[in-house]
Amino acid sequence: MDKKTLFSGIQPTGEFHLGNYLGALKNWVDLQNSGEYNCIYSIVDLHAMTIDYDVKSYQEKVISNAIDLLSIGVDPQKSILFLQSQVPEHSVLCWILNTIVPVSELERMTQYKDKARKNDKNINMGLLDYPVLMVADILLYKSEFVPVGEDQTQHLELTNIILRKFNNKFGEYFQKVNPIYTKGTRIRSLQDPNRKMSKSMGEKSCLLLNDSPDAITKKIMSSVTDTGPQKSIHMSPGVDNLFTILELLADPEIAKKFNVDYHNRVLKYSELKTALADVVNKHLEPIREKRRELENDKGSVLKILEEGREKAKSIAEQNMKEIKNLVGLI
Ligand code: TRP
């Protein structure tokens, strides 16, 4: 049986954090290793230009994120890894789709409204068009599966709306797109656990994949919890967050023991934190090691991206030929 195509993208931020990793990237690796899909993974550098970004450090950030992806186990022998801007067909398909998307569909996107509110000095056309470029990313490879966080649900619904419009207008071509949601997508800030973990929330709130063991331990030890295990079944967001990370990375027996202690109200948070720091550091150690190796061998990273580009391009060019033909372009 032919394998189905799976596509996912991540915006370059320079340094990925544990929220990116547990919420999305670890799943990329698991899906790749399942052997069930043709996996195509992209650093979506065109998307990240829609909000203010630092031009001078941008290239460096993109390469650093490519190193992150390779370090966590994205394997160029098994998956295609490439930079979005290096395959111009993404922009061409985006333009074609632009001509069939009602502006009103884009204006109702909650992420657009959110970002427009936060960047009210720079509400550019790209910000409004962001979801259409994402739809183009997915459809260019005729992908049927898209691993994403739940915050992308509306964009994937839009993908299906647009592809239906395309099929109605130009003939059946694209298949329905299905999200693959990641468990535990909601890793929160260590300092303000009501909000998602993000680099913009400050150093101490965010565990970077590339943090030193010492930094990881310090940040976890100073994370916000509460006054002690509660009677109610619901943990406070801070403690719940520590348990989420523990459950995703630790031996299930260890996680279970701490859970039982919590519910018996004998758990000391300092012990939970010490154990968690240990678990996170053990998990990150081989990733750091691989990172160190690749940082000293940027040439091979560039070569991998180059090969990824070639592979992505050959699929994109073939599909683009068919799409152009369907829409009446020569
Ligand atoms: N918008 C996605 C995010 O912020 C990133 C993205 C761009 C993406 N193109 C994509 C995700 C295509 C999946 C498929 O997370």
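Residues numbered from 1 in each chain as written. Predicted model: local features only at pLDDT ≥ 70, side-chain atom pairs only at ≥ 80, totals over all residues. Heavy atoms only, no water.

Let us look at the overall build of the protein chain. Tallying secondary structure elements over the protein chain gives 12 helices and five strands in all. Relative to a compact globule of 330 residues, whose C-alpha radius of gyration would be 20 Å, the protein chain shows 21 Å and is just as compact. Taken across its 330 residues, the protein chain has 50% of its residues classed as buried. Long-range contacts, defined as pairs at least 24 residues apart, comprise 76% of the intrachain contacts of the protein chain with a sequence gap of at least 6. Looking at the protein chain as shown, the accessible area adds up to about 16,500 Å², and 51% of this sits on carbon and sulfur atoms. Distance between charge centroids for the protein chain: 3 Å, based on 44 positive and 44 negative side chains. (Helix = DSSP H or I, 4+ residues; strand = E, 2+ residues; numbered from the N terminus. Rg over C-alpha atoms; globule rule 2.2 N^0.38 Å. Buried < 20%, exposed > 50% of the residue type's maximum accessible area, 1.4 Å probe, protein only. Contact = heavy atoms within 4.5 Å. Areas by Shrake-Rupley, 256 points an atom, 1.4 Å probe, with all protein chains shown as cover. Lys, Arg positive; Asp, Glu negative; His and termini not counted. Charge placed at Lys NZ, Arg CZ, Asp CG, Glu CD.)

Let us look at the pattern of salt bridges. Working definition: two side chains of opposite charge can pair if their charged atoms are close together. Scanning the entire structure with this criterion turns up 21 salt bridges. When the shortest N-O distance is used, the salt bridge between Glu-285 and Arg-292 registers 3.5 Å. Looking at Glu-285, the relative accessible area reads 31%, which means it is partly exposed. Connected through salt bridges with shared partners, the residues Glu-285, Arg-288, Glu-289 and Arg-292 form a single ionic network. (Salt bridge = Lys/Arg side-chain N within 4 Å of Asp/Glu carboxyl O.)

Leu-69, Phe-243 and Leu-246 are the most contacted members of the largest nonpolar core, which has 62 residues in total. No other element matches the 10 residues that helix α11 (residues 269-295) contributes to this core. Look past the residues within four positions of Leu-246 in its chain and what remains in contact with it is Ala-255, Phe-258, Leu-272, Leu-276 and Val-279. Listed in part, the 40 residues of the second largest apolar core include Ile-40, Phe-82, Leu-139 and Leu-156. (Core = buried A, V, L, I, M, F, W, Y, C linked by side-chain atoms within 4.5 Å.)

A few words now on the packing of helix α3 (residues 89-98) against helix α6 (residues 125-140). The axes of two packed helices give the description: the angle between them and the distance between them. Where α3 contacts α6, the axes come no closer than 8 Å and their chain directions differ by 115°. Here the hand of the crossing between α3 and α6 comes out right-handed. Listed contacts from α6 to Glu-89, His-90, Leu-93, Cys-94, Leu-97 and Asn-98 of α3 are Asp-129, Val-132, Leu-133, Val-135, Ala-136, Asp-137, Leu-139 and Leu-140. (Axes fitted to C-alpha atoms, helices over the stretch in contact; angles between N-to-C directions. Left-handed = near helix turned anticlockwise from the far one by under 90°.)

Below, the discussion takes up unusual backbone geometry. The phi dihedral of Lys-142 is positive, around 50°, even though this residue is not glycine. Mapping Lys-142 onto the fold places it in the loop between α6 and β4 (145-148). Phi at Arg-265 takes a positive value of approximately 60°, unusual for a residue other than glycine. Structurally, the position occupied by Arg-265 is in the loop between α10 (252-263) and α11.

With 18 residues, helix α7 (residues 153-170) should reach 26 Å at 1.5 Å per residue; the first-to-last C-alpha distance of 26 Å fits that figure. Within α7 the residues assigned to the buried category are Gln-154, His-155, Leu-156, Leu-158, Thr-159, Asn-160, Ile-162, Leu-163, Phe-166 and Asn-167. Taken from the residues just after α7, Gly-171 is the one with a positive phi, measuring 115°. (Expected span 1.5 Å × (residues − 1).)

Taken by themselves, the reported measurements are silent on function.
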